[in-house]
Amino acid sequence: MDAERGPVRSVLSGARRRSAAAPQAVPDGRSPSPARRPLPYPRRPVAAEPWDGPPTAPWILMYHSVAVEEEDPYLLTVSPERFAEQMDWLHRRGRRGVSTRELMRAEAAGRAERLVGLTFDDGYADFARHAVPILQHYGFTATAYVVADLLGRDNDWDTEGPRKKLLTVREVSELAAAGWEIGSHGLGHQALPGLPADLLATQTRESRRALEDVVGGPVTGFCYPYGAVDLPAALAVRDAGYDHACAIAHSPLTGRYALPRCYVGDRDGSWRLRAKRGRHRLRDTVTELRRSMPAARRWSSR
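In this text the structure is predicted, and so the values were computed from the model without any measurement. (Residues numbered from 1 in each chain as written. Predicted model: local features only at pLDDT ≥ 70, side-chain atom pairs only at ≥ 80, totals over all residues. Heavy atoms only, no water.)

Notes on a positive patch on the surface
A cluster of basic residues, Arg 93, Arg 114, Arg 274 and Arg 281, forms a positive patch on the protein surface. Tracing the chain through its elements places Arg 93 in the loop between helix 3 (80-92) and strand 4 (96-98). A residue is classified by how much of its surface remains accessible, and Arg 93, at 37% relative accessible area, is partly exposed. (Patch = residues over 30% accessible without salt bridge, like charges linked within 9 Å, V, L, I, M, F, W, Y side chains within 5 Å. Areas by Shrake-Rupley, 256 points an atom, 1.4 Å probe, with all protein chains shown as cover. Salt bridge = Lys/Arg side-chain N within 4 Å of Asp/Glu carboxyl O. Lys, Arg positive; Asp, Glu negative; His and termini not counted. Charge placed at Lys NZ, Arg CZ, Asp CG, Glu CD. Helix = DSSP H or I, 4+ residues; strand = E, 2+ residues; numbered from the N terminus. Buried < 20%, exposed > 50% of the residue type's maximum accessible area, 1.4 Å probe, protein only.)

Structure follows, in structure tokens:
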């Protein structure tokens, strides 16, 4: 289908053609809004700082591809067998994997103690083929962050890695209708730091609009390509109407619009996951201490 392989304008027009022919249901059972009607975004106050959020960052695991690959130079692939072992480990420890959207709602309600965020960057087609059945087996949910203008293509930004097919427009639409969170991974898998304001606005706003036409509802989560984030990028994501955004590392921006995540690879068994959980908690503590030091110095100088 042309809509599955064309640029953003093709994604938009393809989704609108399907909506006009047969309106699709969204996960909560409501009819999707007309394409031109503004959607009700859960916007944060514009005055809020991008690092506002819970005092400690929730535990979020970062995956990319779930498949079998003979070559994996970027260490982005986890075999289905290993992925099943990792999900079983979470289940046996009384934890439940959830989407970032569900995790942030639970954090706000004070009910996130036993939850773990599960995220899948880039929108590889093997998410639907291999990851979803395993997640369903354990009653888990997850977020797939997709590149809005590359649906149905492949990961040509990974010059040395194996070519991997990306989810198509139809697959993304079906996943969203089944209740899986679809988040934006920008356009063209381009790193955001250093981009001028107009390109930052395009990356954040236009990718969201394109995906909302595909899924028939609001897209509230963003994920920075390569995990790269600076203050202008975080502000652009906030001002584009997203509710939260995922980065990778802890940083001075850690908060709602730069949620740190824990990389998970094919070598990560139970003891490595346990160690990574401990490291996440340590980095939370260090980040909070660094934030509190300037305030403490101001107080002591009075």
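Brief notes about helix 7 (residues 197-215)
Taking 1.5 Å per residue as the helical rise, helix 7 with its 19 residues ought to reach 27 Å, and the 27 Å between its terminal C-alpha atoms agrees with that figure. All buried positions along helix 7 are accounted for by Leu 200, Gln 203, Thr 204, Ser 207, Arg 208, Ala 210, Leu 211, Glu 212, Asp 213, Val 214 and Val 215. Gly 216 sits one or two positions beyond helix 7 and adopts a positive phi of about 75°. (Expected span 1.5 Å × (residues − 1).)

Let's talk about the confidence of the model for the protein
Taken as a whole, the protein shows an average pLDDT of 83; of its residues, 78% reach a score of 70 or greater. For the stretch residues 1-47, pLDDT sits under 50, and the model shows 73 contacts to residues farther than four places along the chain or on other chains. (pLDDT = per-residue confidence, 0-100. Contact = heavy atoms within 4.5 Å.)

Examining helix 6 (residues 169-177)
Because the α-helix completes a turn every 3.6 residues, residues three or four places apart line up on one side. Among the residues of helix 6, those classed as buried are Val 169, Val 172, Ser 173, Leu 175 and Ala 176. In a view along the axis of helix 6, the buried residues occupy a sector of 165°, so they form one face of it. Where helix 6 ends, the next residue or the one after it, Gly 179, has phi of about 105°, a positive value. (Arc of directions from axis to C-beta.)

Describing the packing of aromatic side chains
Per the counting criterion, the structure on display carries 8 aromatic pairs. For the pair Tyr 63 and Phe 83, a centre-to-centre distance of 5.1 Å together with 90° between the ring planes defines the contact as edge-to-face. Of this pair, Tyr 63 sits in strand 1 (residues 60-63) while Phe 83 sits in helix 3; the two residues are 20 residues apart in sequence, bridging distant segments of the chain. Judged by its relative accessible area of 0%, Tyr 63 falls in the buried class. Under the relative-accessibility criterion, Phe 83 is labelled buried at 0%. (Phe/Tyr/Trp six-rings, centres within 6.5 Å; stacked < 30°, edge-to-face > 60°.)

Quick look at the packing of helix 3 against helix 5 (residues 126-138)
One can describe the packing of helix 3 onto helix 5 by two numbers: an axis separation of 10 Å at closest approach and a directional angle of 25°. As summarised for this structure, helix 3 and helix 5 are arranged roughly parallel, according to the angle between their axes. Judged by the twist between their axes, the crossing of helix 3 over helix 5 is right-handed. Taking contact as the criterion, the partners of Pro 80, Phe 83, Ala 84, Met 87, Asp 88 and His 91 in helix 3 are, on helix 5, His 130, Ala 131, Ile 134, Leu 135 and Tyr 138. Residue classes in the contact of helix 3 with helix 5 are distributed as 8 nonpolar, 2 polar and 1 charged. (Axes fitted to C-alpha atoms, helices over the stretch in contact; angles between N-to-C directions. Parallel < 35°, antiparallel > 145°, perpendicular 65-115°, else oblique. Left-handed = near helix turned anticlockwise from the far one by under 90°. Nonpolar A, V, L, I, M, F, W, Y, C, P; charged D, E, K, R; others polar.)

Regarding the pattern of salt bridges
In this structure the tally under the stated criterion is 11 salt bridges. Note that Arg 82 and Glu 85 form a salt bridge whose closest N and O atoms lie 3.1 Å from each other. With a gap of 3 residues between them, Arg 82 and Glu 85 both fall in helix 3, about one helical turn apart. Shared partners join several salt bridges into a network, and the residues in it are Asp 268, Arg 272 and Lys 276.

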